[in-house]
Amino acid sequence: MSKVLPLTGNEAGAEAMRQIAPDVVAAYPITPQTELMHRFADYVADGVVPTELILVESEHSAMSACVGASAAGARVMTATSSQGMALMWEILYIAAALRQPIVMPLVNRALSAPINIHCDHSDSMGARDTGWIQLYCENCQEVYDNVVQAVKIAEDKDVLLPVMVCYDGFILSHTVERVEVLEDHEVKEFIGPYVADRPLLDLDHPVTYGPLDLQDYYFEHKRQEAEAMRNCKPVIQRVAGEYELLSGRKYGPFDEYFTQDAEHIMVCLGSAAGTAKAAVDELRDAGEKVGLLKLRVFRPFPAEELIAALSHAKGIAVMDRADGVNSIGGPVFSEIRAAVYGHSSAKISNYIYGLGGRDIDIDMMKSVFQDMKDGKYAEQAYYIGVRE
Amino acid sequence: MAIKLKELSHRESRVAPGHRACAGCGSIIAIKEVLMAVEQPVVISFATGCLEVATTIFPYSAWRVPYIHCAFENSAAVMSGVEAAYLSLKKQGKLPGESGNKDIKFIAFGGDGGTYDIGFQALSGAMERGHDMLYVCYDNQAYMNTGIQRSGSTPRGAATSTSPAGRVIPGKTQFRKDLTKIMAAHDIPYVAQSTPDRWRDLMTKVQKAMEIKGPKFLNILSSCFRGWRCEPQESLEVTNLAVETRFWPLYEVENGKWKLNYKPKKHVPIEEWMKLQRRFQHILKPQNKHLLEEIQRDIDRRWDELLFLCGEEAGPKPEQS
Ligand SMILES: Cc1ncc(C[n+]2csc(CCOP(=O)(O)OP(=O)(O)O)c2C)c(N)n1
């Protein structure tokens, strides 16, 4: 039995965290993540959760404490945004490579400079190769659902990798939506108890975490990490299947919206997918064969599945809310183009949009489809919604 | 309780032999002494640095206790997480193994680079938050692991790879940061300084720290013959002289009360310490006499200040001043 609540994205994240009741949470404030932690701190202060909340002096220490707590044998969470994630960078890699199943809501916010508190994906996209699983959310319901699923994905014995649940700062974090939440006991049973593999606190079996690994072993360990990332595809699918049975809501590596017979397909992730769907609706009404593919799982990158879903298209426009600043285009574009290379004759273009929280509206989305219709595909990214 | 040498000789070291620290490394001796003093179950963390590298080259580990190394600047933060996990799992009755009913101790280690400099924020934060842990700095006065670069702990005048004694600049131009005092200013229950050659002092301090709840800090001056450019067999003598010259006083601050643990009988001038170490050889040249005097004045001033804090009579003065 689920109930319906009016929740912001941050509140939905906090609600999921309350139900997950992690053993340890380490956190440091940064807009727009703050309200999530305020709410969670209330739960701790009221004794609603048994969590030890470590209010660290920096995000670097937040992630470091998470690694320590997770290695000790605890179920661990944190949350951050933007500069906070940038400060964690070094430890993000370590969390993944030490195979600690930490779950982190990442409330997407632009990176400095110039300093800006609003949404884009430069923070999480910069961390795309840290070894973290990345799930992206379109709305507050998905924030809740992805946080709950993330715990089960991360802790799977074939995976043991940390998961970042990315959702758009302010656009989702501060917007109240209708969110269906599960009963506490349903979440508890769904994620199950956490039984750590070789915890530090098992004094009867002392373990050494984080040794120096030289030319003779490092490569094998990195290879195992890469394998774990591959292994998580079926696990993510299985967890989504179990979650659907419980919630009635279906999740996959991506959502397809009128893509099957579409000639022109847009690819995007995050809250802009909602706007894109509205554009698709209007164009479909006008008889145009357009569709949207909304990525949910960016890491592991669902290349095979994407090939199957995209290769029939005549044109593909990839939307990036982060610039590669590389004179080619954004990260989603580079990966999509690499994935379909050799499998499709589709022309592919890239649009950088929405940096620093700049709005993108239905007309802009429609103009992207119009470009494809007009055969406009450039080698370099287009910038949309910016004053040139 | 009193520490008996005979008893200690029967105690198994928690650092296994076969580690790859240099013969004559003062720091590994210090760390062995620390762990030998701990009778309770213990979990430790290490910052990146010489000892981390020397004790854990995969697939080997010298640690007979649970050990975690994460990065360079976060030993204290990592241990915050371990301790918080312990508290949480304990109160929920979820501790793994048979440790459920055991009282576990937590010790975070770092070199001076990992403690005075890059790890200072994490240390300060962990102490302020009140985690029940001991932080031990093994202070060898430079970034030894990366090739003897100057740190915030390197004493004035010392030549390092990045503060060489050049034709114009005579080694490190700044005085060292007094980290022990800074930690005392955190108003935590226990702060102390020691050296491995004063093993009884060091181990008594560790034992005391293990009995005290809350955050504790212990700063251990330990020599690196490579960096200090002395002989490996002098590694304990050189820290002994650091104490005798009052460069490294043995003291502790317990609940705000300062106590001097050892008062040298005579005023031994600092050049006696420096003479053993070729990192200071340029300072002992006649043209740098003014520098040597300045360094001596600094030591005397800090010593007097310490005596005052400890409520001690002023000690012996230099013969001619
Ligand atoms: C963030 C970061 N910066 C720099 C380094 C390189 N590094 C590794 S060990 C080390 C020196 C450690 O010095 P110290 O803490 O004094 O310990 P010691 O090696 O002297 O025992 C440095 C600079 C690193 N590993 N991580």
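These figures come from a predicted structure and were not determined experimentally. (Residues numbered from 1 in each chain as written. Chains lettered and ligands numbered in written order. Predicted model: local features only at pLDDT ≥ 70, side-chain atom pairs only at ≥ 80, totals over all residues. Heavy atoms only, no water.)

1. Here's the deal with the interface of chain B and chain A
In step 1: Taken together, the contacts link 48 residues of chain B with 42 residues of chain A.
In step 2: Interface area for chain B against chain A, summed over the two sides, is near 3,300 Å², with a carbon-plus-sulfur share of 66%.
In step 3: The largest per-residue losses of area from chain B upon contact with chain A belong to Phe58(B), Pro66(B) and Arg129(B), which jointly make up 17% of the total buried on that side.
In step 4: Linking chain B to chain A there are three salt bridges.
In step 5: Of the charged contacts, one joins Asp23(A) and Lys94(B) as a salt bridge, the two residues approaching to 2.9 Å between their closest N and O atoms.
In step 6: Our count for the contact surface shared by chain B and chain A stands at 16 residue pairs in polar contact (both at pLDDT 80 or more).
In step 7: Where the side of chain B that touches chain A is concerned, the elements lending two or more residues are strand S1 (42-46), helix H3 (50-55), strand S2 (67-69), helix H4 (75-91) and helix H6 (120-129) of chain B.
In step 8: The element best represented in the side of chain B that touches chain A is H4(B), accounting for 12 residues.
In step 9: For the side of chain B that touches chain A, the class distribution of residues is 27 nonpolar, 13 polar and eight charged. (Contact = heavy atoms within 4.5 Å. Buried area = accessible area lost by both parts, 1.4 Å probe. Salt bridge = Lys/Arg side-chain N within 4 Å of Asp/Glu carboxyl O. Polar contact = N/O pair within 3.5 Å; in protein donor to acceptor, adjacent residues only side chain to side chain. Helix = DSSP H or I, 4+ residues; strand = E, 2+ residues; numbered from the N terminus. Nonpolar A, V, L, I, M, F, W, Y, C, P; charged D, E, K, R; others polar.)

2. Structural notes on the domain arrangement of chain A
Residues and elements named next belong to chain A.
In step 1: Each assigned domain of chain A is listed with its residue range as follows: domain 1 (2-247) and domain 2 (255-383).
In step 2: Taking the mean C-alpha position of each, domain 1 and domain 2 sit 28 Å from one another.
In step 3: Domain 1 puts 27 residues into the contact, and the matching count from domain 2 is 29 residues.
In step 4: Between domain 1 and domain 2 the total buried area reaches about 2,100 Å² when both faces are included, carbon and sulfur atoms providing 55% of it.
In step 5: It is Tyr-136, Glu-138 and Lys-233 in domain 1 that bury the most area against domain 2; as a group they hold 29% of the surface buried on that side.
In step 6: Residues Glu-142 and Lys-294 are paired through a salt bridge, measuring 2.5 Å at the closest nitrogen-oxygen approach.
In step 7: Our count for the domain 1 to domain 2 interface comes out at 17 residue pairs in polar contact (both at pLDDT 80 or more). (Domains from an automatic or database assignment.)

3. Considering the sheet that holds strand S11 (residues 264-268) of chain A
All names here are of chain A.
In step 1: Ordered in space as S10-S12-S11-S14-S15-S16, the six strands form an open sheet in which the pairing is mixed. Each edge of the sheet is formed by a strand with only one pairing partner; in this case those strands are strand S10 (254-257) and strand S16 (382-384). Each strand axis lies, on average, 25° off the axis of its neighbour in the sheet, ignoring direction.
In step 2: By the bridge criterion, four bridges tie S11 to strand S14 (residues 315-320) in an arrangement that is parallel. The partner of Met-266 across the bridge, within S14, is Ala-317.
In step 3: Of the strands in this sheet, S10, S11, strand S12 (290-295) and strand S15 (347-353) touch helix H9 (residues 272-285), which is tilted by about 165° from S12. (Pairing = 2+ DSSP bridges. Axes fitted to C-alpha atoms, helices over the stretch in contact; angles between N-to-C directions.)

4. Points about the side chain of Asn288(B)
Residues and elements named next belong to chain B.
In step 1: Inspection of the secondary structure puts Asn-288 in the loop between helix H11 (271-275) and helix H12 (289-309).
In step 2: Its relative accessible area of 13% is what places Asn-288 among the buried residues.
In step 3: One polar contact links the side chain of Asn-288 to the main-chain carbonyl oxygen of His-282, over a distance of 2.9 Å. (Buried < 20%, exposed > 50% of the residue type's maximum accessible area, 1.4 Å probe, protein only.)

5. Quick look at the site of the ligand
In step 1: In the vicinity of the ligand, 18 residues are found, and the nearest of them are Gly113(B), Gly114(B), Tyr138(B), Ala142(B) and Asn145(B).
In step 2: Around the ligand, the neighbouring residues derive from chains A and B rather than from a single chain.
In step 3: One of the side-chain nitrogen or oxygen atoms of Asn140(B) is found 3.0 Å away from an oxygen atom of the ligand.
In step 4: Burial of the ligand by the protein amounts to 78% of the accessible area it has alone, namely 580 Å².
In step 5: The biggest single contributor to the shell around the ligand is helix H5 (residues 112-117) of chain B, with three residues.
In step 6: Classifying every residue of the shell around the ligand by side-chain character gives seven nonpolar, eight polar and three charged. (Near = heavy atom within 4 Å. Areas by Shrake-Rupley, 256 points an atom, 1.4 Å probe, with all protein chains shown as cover.)

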